[in-house]
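One letter stands for each residue in the lines below.
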Amino acid sequence: MTKQSRSNRPVTTTESSIQILQRLKDNPGRTLDELTEELDMARSTIHRHLLTLEDNDLLFRENGQFYLSLWLLDFGISARDRISFFDVARKQVDRLAEETGEKVWLVAKEGDYSVHLYKASGASPLETSARVGQRRHLHQLAAGKAILAYLPEEESQGIIDRQGLVEATGQTITDREALFEELAEIRERGYAFNLGESIEGLNAVGAPIRDEEGMPVGGISISGPANRVKGGLLKDELPDKLLATIDEIHINIRYGGSR
């Protein structure tokens, strides 16, 4: 059964709980009155869901305000631990951040999205709103575009069909033909660029992590402010360091075990 066919018969009570959890993720510390104003649900319905989630320790309440429980962190760590390349790639990400002085991200492909698994900061990183656990559209990110480039074309086409080309900044690629032309260039050189396409003023270079069958399962990106990460640093030096790191990860995955 496909995801689309399953969604034709949603469990509405579960969907309501998910909406509340998502709202509290993005806007922590909401009261019942605030949630009633913000969500298209009856106050009594929201109240019942809040009590159920609180009774099951997924929410906690303080001074009438509701927050996600830290117990959810355990769920997230458990989900991250199933990623076979995480341990070996994390060590390489730490080393790469120290070498470059920039922010380095490790991401995984899950479904149609990129999920931030881990970050390491060098001596002079650019701080942004990106966070571990955040889910982003693949076409907005350097590592995400690198993943798209190495997927079978039918799969990458399907992702764009389902998700569209959502704009994050004025530089985000929103034209389908332009995107697939760039994906062909990425396959030729082995890495992708993000030139202010996810966050204004940020440049990045990314490359895919591929499994033993050559399928992209994740990626690594190096990012920094556009006024510093440019020219030869962006086009030559950082890609060389990134590809060397990716090669080491692939060797470990294929011959040394992933953990």
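Residues numbered from 1 in each chain as written. Predicted model: local features only at pLDDT ≥ 70, side-chain atom pairs only at ≥ 80, totals over all residues. Heavy atoms only, no water.

### Overview of the sheet that holds strand β4 (residues 113-121)
If you walk across this open sheet you meet the six strands as β5-β4-β3-β8-β7-β6, and the pairing is antiparallel. Edge positions in the sheet fall to β5 (135-137) and β6 (192-195), since each of these pairs with one other strand and no more. On average, each strand axis in the sheet is tilted by 30 degrees relative to the strand beside it, whichever way the strands run. Judged from the eight bridges that link them, strand β3 (residues 103-110) and β4 form a sheet pairing that is antiparallel. Across the sheet, V107 pairs through a bridge with H116, a residue of β4. Against the sheet, helix α7 (residues 142-150) contacts β3, β6, β7 (202-210) and β8 (216-225), and its axis sits at roughly 40 degrees relative to β7. (Pairing = 2+ DSSP bridges. Helix = DSSP H or I, 4+ residues; strand = E, 2+ residues; numbered from the N terminus. Axes fitted to C-alpha atoms, helices over the stretch in contact; angles between N-to-C directions. Contact = heavy atoms within 4.5 Å.)

### Description of the packing of helix α2 (residues 12-26) against helix α4 (residues 43-55)
Contact geometry for α2 and α4: axes closest at 10 Å, N-to-C directions at 80 degrees. When the axes of α2 and α4 are compared, the pair comes out roughly perpendicular. Between α2 and α4, the contacting residues are T13, S16, S17, I20 and L21 on the first element and I46, H49, L50 and L53 on the second. Residues belonging to the contact of α2 with α4 are distributed by class as follows: five nonpolar, four polar and no charged. (Parallel < 35°, antiparallel > 145°, perpendicular 65-115°, else oblique. Nonpolar A, V, L, I, M, F, W, Y, C, P; charged D, E, K, R; others polar.)

### What about the pairing of strand β2 (residues 65-68)?
For strand β1 (residues 59-62) and β2, the ladder comprises four bridges, and the chain directions are antiparallel. Note that in β2 the partner of L59 across the bridge is L68. Here β1 folds back onto β2 in antiparallel fashion, the turn holding two residues, of which N63 has a positive phi close to 55 degrees.

### What to know about the packing of helix α8 (residues 153-163) against helix α9 (residues 176-189)
Where α8 meets α9, the axes come as close as 12 Å, and the angle between the chain directions of the two elements is 150 degrees. In terms of orientation, α8 lies roughly antiparallel with respect to α9. The two elements α8 and α9 cross, and the hand of that crossing is right-handed. Packed against α8, whose contacting residues are S156, Q157, I160 and D161, the element α9 presents R176, L179 and F180 at the interface. (Left-handed = near helix turned anticlockwise from the far one by under 90°.)

### Quick look at the UniProt feature "domain: IclR-ED" (unreviewed entry) in the protein chain
UniProt feature "domain: IclR-ED" (unreviewed entry): in the numbering of this structure it lies at residues 71-255. From the first C-alpha to the last, residues 71-255 spans 36 Å; its make-up is 46% helix and 23% strand. (UniProt positions renumbered as here; feature names shortened; annotations may be inferred.)

### Points about the domain arrangement of the protein chain
When the domains of the protein chain are assigned, the result is domain 1 (12-73) and domain 2 (83-256). Look at where the C-alpha atoms of domain 1 and domain 2 centre, and you get two points 33 Å apart. (Domains from an automatic or database assignment.)

### What about the side chain of Q92?
Here Q92 is to be found in helix α6 (residues 86-100). Of the polar contacts made by the side chain of Q92, one reaches the side chain of E248; its length is 3.3 Å. (Polar contact = N/O pair within 3.5 Å; in protein donor to acceptor, adjacent residues only side chain to side chain.)

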